[in-house]
Amino acid sequence: MKRVLTTCPYCGTGCNFYLMVDDGDKIIGVVPSTENVVNKGQLCIKGWNSFQFVQHPDRLTHPLVRRNGAFERISWEEAIRAVVGKLKDIQAAHGNDAIAFFSSAKTTNEENYLMMKLARAVFKTNNIDHCARLCHSSTVTGLTGAFGSGAMTNSISCVEEADVIFVIGSNTTEQHPLIGSRVIKAKRNGAKLVVADNRTIRLARMADVHIRHKNGTDVVLLNAMMQVIIAEGLENRTFIEARTESYDKLKDTVLNPKYSPERASLVTGVPADQIRQAARMIAQAPKAMIIYSMGITQHSHGVDNVRSCAHLAMLTGQIGISGTGVNPLRGQNNVQGACDMGGIPDVYTGYQAVTDPDVRKKFEAAWHVDRLPGQVGETVTTAINGAHEGKIKALYIMGENPMISDPDTRHVREALQNLDLLVVQDIFMTPTAELAHIVLPGVTYAEKDGTFTSTERRVQRVRKAIEPLGESRPDWRILCDVAREAGYPHMAYQDPRQVMEEINALTPSYGGITYDRIEKLGLQWPCPGPDHPGTPILHRDRFTKGRGAFMATEYRPSMELPDADYPFVLTTGRVFTQYHTGTMTRRTQLLEREEPEAFVEIHPQSAKDLGIRNGEPVFVFTRRGEVQAKARVTDVVPPGVLFMPFHFEEGSANVLTNNVLDPLAKIPEFKVCAANVRKSG
Amino acid sequence: MKVIGEAGLVELLKSLLSDYQVYVPIELSDGTRVMGTMDEGPVSLLGGQVAAKPTAFFFPQMDSLFHFERGAIREGASKEKPICLVGLSAADAEGLAFIDRFYNIDFRDELYNKRREHSLVAVISGKLGNGARFEPLAGKNCDIEFAYDGSRFYVSAYTPKGQALERRISGEDSALPFEHLQRISIAQGQESKTILRHASQLILAGKVTDDFWQKIADECIACGSCIFYCPTCTCFDVYDCRDGDRSERIRCWDACLLGGYSREASGHNPRNEAERSRRRISHKLEADMLRFGELGCVDCWRCDVFCPTGIGIHAVAKRIVDRFS
């Protein structure tokens, strides 16, 4: 028996545990790490059950090609040759930017780096993006604009030191359980808790103030809170003067009468007194921290929402010290890393801009190419639109399932079916892979080495515990094989450690993060040198960009609000025991048992008006489509709001969602669209 | 009585390798202490109770009952040597006794017994963790006990198997230091379960209200850690994992505090959240008391140490006593 220390493949908290492998190379359990500073011997229910899907019979074990409507097994040589040949043909016929790559927030840093190197150095396109587009792209844009850096400003341990915790748009105990648990503990130890979410989530039960604002009205709420703070003289003038710029822009915006608590109350549905109470609590706290997630980001005005959170922190000076900060909780195990590695269309590693000629020269030299493309590429969402229009002819998708995760499934299906080439590299035959021309079998986190970067910017090791199943190959190897077949000789590595060495040399923030240094415990970037201890708290003395910037941020309503035909707001989200498109959790006994079916939460009054009983199947429909789900009649949601998780292929919430994007971040508005519901009998 | 030093004990354990799979406390690569083989990591006999429960060697997290393929059942042949576990705490040994009874009292669990019946179990107790911890002596529930006084182990054998092992130890000395350890142990033992016993009485007397349990349930994130760490928890699920025309029946750890554990096919759940939180605690402090006359909690403190929200059994017991006594 052996035990192999690794990082959890589920959420961005980044818990560490040992996979227990018996002498027959079967993974038979997990042992939490007691020494890891983040999880300290704890795990959530998903972490405890994070191994059953690895050796599941459904695993893809050899390359496949679709011929005459059915998948046939082919050799790796044939598969790679076909992928490269077809990609090159399409580029020759339609231009380099007719192809796009979707990297994976589930794969390692090394793999994300290699995929973006493949796209740029080998295939000469900046069309590389990944699912951060769908979740925190508005964070990256919003916080980079305000602070110069788009990442969580503080560390997970800061939750324990906060006097006031403001949780807005995050169901923390379900989506980041071991961060949510810290909030519960902090509350018990005397911290005050303000929760802004119109669902009565677990944290709301114990909140000092539970704000149930209407979906999509966050800017009104936050601007009104800031008006209260300024009107009552509670702003941190010292901080504003010393550390920020353009304060006038903020003042001019939020002091407008339309953001008075009384007027805000009409828009948000929140009592004016509550707005005042929450504002005072945060402003007057010795240490107040903001925790946010999808409820802030996944809107057509997601960037505005993020900026407003940044404004609140700067206005009150609640940033740059422990127990404070603006803390976006990154969802995937490695979405932070996928961004850090430049798996996005406008930057290389460490957010170095592709449009900067000096930066391009550096990477051209490192990658031994004459010229790298200098135009910002397509995002996941615009690439799908581009495929639909026929502009994008080929997609190479690694570890991503747009058929379930992207908005407006019909649109996604049409887009993918319109492609001349769809290559899907994954571990299971997902609904996306089913549409592929070529399927390449990658591996899980248990079958390869590498690193993941957690939401608190901690780069941690992932270690191989068993050999790849069947003929599946570590994703980094597949990417190197593709590069070699394409005639590019500079993607030949012995192991992922070598890839990280290359990343170290090109990425100041990762400069000192080597495998040797993170053998026992990961390091938080920025970590520029081999002796640097890593950085738990950002923006201590100055913001990354110098002074924090306020902007004039006005409220723009959500793009599709209820009307006579579709009188409900449909909002989407997640549940504790399932994870995203369910490819892993639905193949795990305990997790699938807990929540096996698609459901829709509906308030008892709404249910009564429609004659809907708890547990009966209903149809939820929007302008995009219709889905059957079980009615869950509960007052967790307010009247007029429907909540659906997006984990269930057979009752897929994204059949219903609205493919409208934030103009800057291109993130879809998953959190608000207009819907209706009817009995199915 | 017989005495042995740390190095001597390691040698003795190595000599058992020809007859047993020997598991002792070791340090894994980041310092996490678990039971493992002596070549898996540095041996760490003096660090006190390990984190992951040693009873998992007899009731593993995932276990294969049998395969069946085209009408034929194939059970796994167990040609393995019997298990030798050295380094249980007294609490773990009590937990082992508890689950020995559970797996045999009404029904003989073959899968458990297959691993348990020829095993050798040894407790390590006394002044551990560099003097920072005193772990109570077991006095029973194991084959042999090694009680450490800071420089040597004092050996007590409780079964013929234990006595056979004891006979192979040559060192002898006065039993006085051992008696001293016993006295400390007894004094400590009175204290540590007091709060649990008091809470148990209050629960049995019907004093603890539903709203109390709802408050606990509110603070529970249903991670399952309390149950997965608990030596006396034996919840399991059985399921078939199908691969074409081949199927494997698997037993895996389950957790009674999960909703799905009792949810009926209609969707109705006879236990609400407050009920589920209550049952986890009251099983150990109420039900076991009624069934066996003793608490189902062996005082290992793992759920208190590892519960992310701080509602382990001692924490909850204290809240019960503070509010209802």
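Source: prediction; values computed, not measured.

**Q** Before we go on, may I ask you to explain the domain arrangement of chain B in this structure?
**A** One frequently used descriptor of interface size is the decrease in accessible area upon assembly of the parts. All names here are of chain B. Parsing chain B into structural domains produces domain 1 (3–188) and domain 2 (192–324). One C-alpha centre belongs to domain 1, the other to domain 2, and the line joining them spans 26 Å. On the domain 2 side, the residues contacting the 36 residues of domain 1 number 33 residues. Buried surface at the junction of domain 1 and domain 2, summed over both partners, amounts to about 3,000 Å²; 53% is from carbon and sulfur atoms. Interface area lost by domain 1 to domain 2 is led by Lys53, Phe59 and Phe98, which between them contribute 21%. Our enumeration of links across domain 1 and domain 2 arrives at seven salt bridges. The partner of Glu94 in a salt bridge is Lys193, with the nearest N and O atoms 3.0 Å apart. For the pair domain 1 and domain 2, the interface holds 19 residue pairs in polar contact (both at pLDDT 80 or more).

**Q** Can you walk me through the pairing of strand S12 (residues 288–292) of chain A in this structure?
**A** Along any regular strand, the residues point their side chains to alternate faces of the sheet. All names here are of chain A. Within S12, five of the five residues are buried, which leaves the element mostly enclosed by the surrounding structure. Here S12 shows a buried face lined by Ala288, Ile290 and Tyr292 and a second buried face lined by Met289 and Ile291. Sheet topology note: the strand S8 (residues 164–168)/S12 ladder contains five bridges and is parallel. Considered in S12, the bridge of Phe166 is made with Ile290. The sheet contact formed by S12 and strand S13 (residues 325–328) spans four bridges and is parallel. Considered in S13, the bridge of Met289 is made with Gly325.

**Q** Can you walk me through the interface of chain A and chain B in this structure?
**A** Listed by partner, the interface residues are 43 residues for chain A and 51 residues for chain B. Between chain A and chain B, roughly 3,800 Å² of surface is buried when both sides are summed, and carbon and sulfur atoms account for 53% of that area. On the chain A side of the contact with chain B, Arg3, Trp48 and Arg593 of chain A bury the most area, a combined 16% of that side's loss. Taken together, chain A and chain B are joined by eight salt bridges. With a closest N to O distance of 2.5 Å, Asp218 of chain B and Arg205 of chain A form a salt bridge. Applying the counting rule to chain A against chain B returns 27 residue pairs in polar contact (both at pLDDT 80 or more). Taken together, the residues of the side of chain A that touches chain B break down into 21 nonpolar, ten polar and twelve charged.

**Q** Is there a simple way to explain the environment of Ser149 of chain A in this structure?
**A** Residue and element names in this part refer to chain A. Along the chain, the position of Ser149 falls in the loop between helix H5 (137–147) and S8. Residue classification places Ser149 among the buried positions, given a relative accessible area of 9%. Distance from Ser149 to Glu241, taken between C-alpha atoms, is 20 Å for residues 92 residues apart in sequence. Setting aside its immediate chain neighbours within four residues, Ser149 contacts Leu143, Thr144, Trp525, Leu538, His539 and Thr544.

**Q** Is there a simple way to think about the nonpolar core in this case?
**A** Counting 121 residues, the largest nonpolar core has Leu19, Ile165, Leu193, Leu203 and Tyr445 of chain A together with Trp213 and Ile320 of chain B as the members making the most contacts within it. If we ignore the near neighbours within four places in the chain, the residues touching Leu203 of chain A are Val167, Thr172, Thr173, Gly180, Val183, Ile184, Leu193 and Val195 of chain A. Of all hydrophobic cores here, the second largest spans 60 residues; its members include Val84, Val122, Phe123 and Val423 of chain A.

Calculation notes
- Residues numbered from 1 in each chain as written.
- Chains lettered and ligands numbered in written order.
- Predicted model: local features only at pLDDT ≥ 70, side-chain atom pairs only at ≥ 80, totals over all residues.
- Heavy atoms only, no water.
- Domains from an automatic or database assignment.
- Contact = heavy atoms within 4.5 Å.
- Buried area = accessible area lost by both parts, 1.4 Å probe.
- Salt bridge = Lys/Arg side-chain N within 4 Å of Asp/Glu carboxyl O.
- Polar contact = N/O pair within 3.5 Å; in protein donor to acceptor, adjacent residues only side chain to side chain.
- Buried < 20%, exposed > 50% of the residue type's maximum accessible area, 1.4 Å probe, protein only.
- Helix = DSSP H or I, 4+ residues; strand = E, 2+ residues; numbered from the N terminus.
- Pairing = 2+ DSSP bridges.
- Nonpolar A, V, L, I, M, F, W, Y, C, P; charged D, E, K, R; others polar.
- Core = buried A, V, L, I, M, F, W, Y, C linked by side-chain atoms within 4.5 Å.

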